[in-house]
Amino acid sequence: MIRSVFFLACFGFFTSCAVAQPNATLPAKLKTTLTLKAPVGVAGQANGMKSGLILVTVDTTIRSNPKNPLPNGNMAYLSIDFTGLTGATQMEIASGKELFWVFDKAGKEVQISNKVLHRIKATMEASSIVDMTVKIPYRLKTDNNIYTIHFRWESPDKSKNIDILTSK
């Protein structure tokens, strides 16, 4: 009886670590995890990939749904620019999955219905070096509260990922 309870407890722990959980912390580091050089106030880590420069800003110029004035057309977006991503090709990044979670200052998850906008660029000569810009909707333009945003990109086979965590 005790062995089966211990096995189930261990199995539950390991299966929960393998799935991207919505939380306001970065996942546990593995031996292959690299800490990304990010601006002050931004934490980033990756598995199987490296990034050159990361720039994080707030973009309020986007109107994603101009026909609907409230609230979808009036969203502020967190813009994350990755310059010099290596370890994955342009096609692999384009076919990957983008996940994001937004949390208010009390730590409660805020549901956002808008989609993540992204742009992926690579040159013909060096297709293994990719630039990616991601725009994450996280608050209304008129809302000045601070939110915590957790962005995650993962490859189709889940062997490579990037996690970014910031408060804006």
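One numbering rule holds for all chains: residues counted from 1, following each sequence as written. For this predicted model, a pLDDT threshold of at least 70 governs which residues receive local features, and a threshold of 80 or more governs which side-chain atom pairs are given and counted, while totals over whole chains, interfaces and linings are taken from all residues. Calculation of side-chain values draws on the structure's entire complement of heavy atoms; hydrogens and water are dropped beforehand.

## Remarks on the side chain of T148
The helix and strand labels rest on DSSP assignments: H or I over at least four residues marks a helix, E over at least two residues marks a strand, and numbering proceeds from the N terminus. As for its position among the elements, T148 is in strand β9 (residues 148–154). By the criterion applied in these results, polar contacts are pairs of N or O atoms within 3.5 Å in which, for protein atoms, one can donate a hydrogen and the other can accept it, and in which residues neighboring in sequence qualify only through two side-chain atoms. At 3.1 Å, the side chain of T148 and the side chain of S167 are in polar contact. Contact criterion: two residues are considered in contact whenever any of their non-hydrogen atoms come within 4.5 Å of each other. Not counting chain neighbours up to four residues away, the residues in contact with T148 comprise A24, W101, V102, F103, L165, T166 and S167.

## Re the environment of F103
With respect to the helices and strands, F103 occurs in strand β5 (residues 97–103). Residues F103 and A24 lie 79 residues apart in sequence; the distance between their C-alpha atoms is 7.0 Å.

## Observations regarding the nonpolar core
Grouping buried Ala, Val, Leu, Ile, Met, Phe, Trp, Tyr and Cys residues that are joined through side-chain atoms within 4.5 Å yields what is termed a nonpolar core. To sort residues, take the accessible area from a 1.4 Å probe on protein chains only and compare it with the maximum for the residue type: under 20% means buried, over 50% means exposed, and anything in between is partly exposed. I80, F82, I93, I162 and I164 are the most contacted members of the largest nonpolar core, which has 28 residues in total. Only β2 (42–47), β3 (53–59), β4 (75–85), β5, β8 (130–140), β9 and β10 (161–167) provide two or more residues apiece to this core. For F82, the residues in contact, after removing those within four places along its chain, are S51, L53, I54, V130, D131, M132, V134, F151, I162 and I164.

## A short note on the pattern of salt bridges
Any two side chains of opposite charge can pair, so long as their charged atoms come close to each other. What counts as a salt bridge is simple: a side-chain nitrogen of Lys or Arg found within 4 Å of a carboxyl oxygen of Asp or Glu. Summed over all chains, the structure comprises five salt bridges. A salt bridge links D59 to K135; the nearest nitrogen and oxygen atoms lie 2.9 Å apart. Of the two residues, D59 sits in strand β3 while K135 sits in strand β8, which places them 76 residues apart along the sequence. There is no split in this pair, since D59 and K135 are both buried. Residue E154 is joined to R152 by a salt bridge in which the shortest nitrogen-to-oxygen separation is 3.1 Å. Take E154 and R152: they sit in the same class, and that class is buried.

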